[in-house]
Amino acid sequence: MLIKPSRGASEPPASSITPREVYEARREFIARVAATAVAGTSIWEMANRQAFAQGATARLAARANPAFSTSEKRTAFKDATSYNNFYEFGTDKGDPAQNAHTLRTRPWTVAIEGEVKKPLTLDIDSLLKLASLEERVYRLRCVEGWSMVIPWIGYSLSNLIRHVEPLSSAKYVEFISLADPKQMPGVRSGVLDWPYVEGLRMDEAMHPLALLTLGMYGQVLPNQNGAPVRVVVPWKYGFKSAKSIVKIRFVKEQPRTSWMVAGPNEYGFYSNVNPNVDHPRWSQASERRIGEDGFFKPKRKTLMFNGYNEVASLYAGMDLRKFF
Ligand SMILES: Nc1nc2c(c(=O)[nH]1)N[C@H]1C(S)=C(S)[C@@H](COP(=O)(O)O)O[C@H]1N2
Ligand SMILES: [Mo]
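Residues numbered from 1 in each chain as written. Chains lettered and ligands numbered in written order. Predicted model: local features only at pLDDT ≥ 70, side-chain atom pairs only at ≥ 80, totals over all residues. Heavy atoms only, no water.

1. Topic: the packing of aromatic side chains
This is how it is decided: Centres within 6.5 Å make a pair out of two Phe, Tyr or Trp rings, where for Trp the six-membered ring is used; the pair is then stacked when the planes are under 30 degrees apart, edge-to-face when over 60, and tilted otherwise. Put simply, DSSP H or I for four residues or longer makes a helix, DSSP E for two residues or longer makes a strand, and each gets a number counted from the N terminus. Three labels apply to residues, based on accessible area from a 1.4 Å probe with only protein chains included: buried if under 20% of the type maximum, exposed if over 50%, partly exposed otherwise in between. As a reminder, the over-ring test applies to NZ of lysine and CZ of arginine, requiring each to be within 6 Å of the ring centre and within 35 degrees of the ring normal.
If you walk through the whole model with that rule in mind, you get 13 aromatic pairs. Measuring from centroid to centroid gives 5.5 Å for Phe239 and Tyr267, while their planes differ by 85°, and the two rings are edge-to-face. With Phe239 in the loop between strand E10 (230-232) and strand E11 (245-251) and Tyr267 in the loop between helix H8 (258-262) and strand E12 (286-289), this pair connects stretches of sequence that are 28 residues apart. Pair check on accessibility: Phe239 and Tyr267 agree, each one buried. Through a chain of ring-to-ring contacts, three or more aromatic side chains come together here, namely Tyr172, Phe269, Tyr270, Phe305, Tyr315 and Phe323. When the ring centre of Tyr308 is taken as origin, the NZ or CZ atom of Arg139, which lies over that ring, is 4.9 Å away.

2. With respect to the pattern of salt bridges
Under the convention used in this document: The rule for a salt bridge is simple: a side-chain nitrogen of Lys or Arg has to be within 4 Å of a carboxyl oxygen of Asp or Glu.
Applying the stated rule across the entire model yields 20 salt bridges. Where Lys240 meets Glu198, a salt bridge forms, and the shortest distance between an N and an O atom there is 2.7 Å. Taken together, the positions of Lys240 in the loop between E10 and E11 and Glu198 in strand E7 (residues 197-201) put the pair 42 residues apart, joining distant regions of the chain. Glu198 gets classed as buried once you look at its relative accessible area, which sits at 0%. When salt bridges that share partners are traced, they join Glu72, Arg139, Arg141, Glu287, Arg289, Glu292 and Arg300 into one network.

3. Section: the nonpolar core
Using the following cut-off: What makes a nonpolar core is a set of buried Ala, Val, Leu, Ile, Met, Phe, Trp, Tyr and Cys residues whose side-chain atoms join them at distances within 4.5 Å. Contacts between residues were defined by any pair of non-hydrogen atoms, one from each residue, lying within 4.5 Å.
Counting residues in hydrophobic clusters, the biggest one holds 77 residues, and the most contacted among them are Leu127, Trp152, Leu157, Phe175, Trp235, Ile248 and Phe250. No other element matches strand E5 (residues 146-156), which puts six residues into this core. Aside from chain neighbours lying at most four places away, what touches Leu157 is Phe175, Leu200, Ala205, Ala210, Leu211, Leu212 and Val231.

4. So, the sheet that holds strand E3 (residues 120-123)
Basically, it comes down to this: Each pair of strands is called paired provided DSSP finds at least two bridges between the two strands. Fitting a line to C-alpha atoms yields each axis, with helices limited to the stretch in contact; the angle taken between N-to-C directions then spans 0 to 180 degrees.
Across the sheet, five strands lie side by side as E3-E2-E11-E6-E7; this open sheet has mixed pairing. Every interior strand has two partners, whereas the edge strands, E3 and E7, have only one. Between one strand axis and the next, the sheet turns through 20° on average, direction left out of account.

This is how it looks when you write it as structure tokens:
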């Protein structure tokens, strides 16, 4: 089913912003490989790529929110930034770290439109100032059967939603990711219907756990993790957490999400983590924690709502086998 995207020979230059970490990683890299002649690629270019691939970005301060955090062992930064799903940059887990250095994350705006009293377009600096930044350590469970524990930085999406004053006709929120084939080599492939679209029911989006995310591990989001802004919805399979968002639309009807279009029998709109509802091609009863559980270690049991039982009331009376 997966088609390998073709990689473009020419790539736009990396962002003109050079955070200290990138500069240092680049200098260190140059020192290490200066003696090696690499045909076709300048050492400068390679050093930049290396720094970005390692996830080097600027620092971002946030206040820890223990009430919204798991105390489970955090996934290593290296794993969280080198094992990714971000199909706009390729379908292999290592592709986003290798390819996402071409994403230009500034300037960047998010258009907020649809059934709201105050439609508006916000840039990243405005988003960073809209509410106070919190660090929340969330579990993230991918539909593929693995999970991570990541210290995200952001604030409840409800802050942004209240800011634009949704009308009573707004029943769902749609998140639309950037789809620029010049910056995103995977968008040239037909692996998904671009742009990547995800969505939540209004009450789900208003739940305090739903996080508008601008950073992780004390720094600005690395490109491969969805810079400069994404959502993280910890009680749902990872694909509900759209990356590199450029548009948020408030709509009357349930959005047609990219994964529902790709496989309506496999990926439902709700996609709550549910060990009792198997994916048609594999079980969802257990998961492998990235970086921790070796080949011979038993897998962890997957928990209903990924362990976030406080969201259960959102689905009271709903048949979660039908609304998967
Ligand atoms: N735009 C976009 N968002 C996306 C994806 C994607 O391919 N494109 N992959 C999703 C999937 S399947 C997962 S598991 C998470 C992974 O987030 P992470 O790489 O930061 O761990 O991002 C989600 N958001
Ligand atoms: Mo995923």
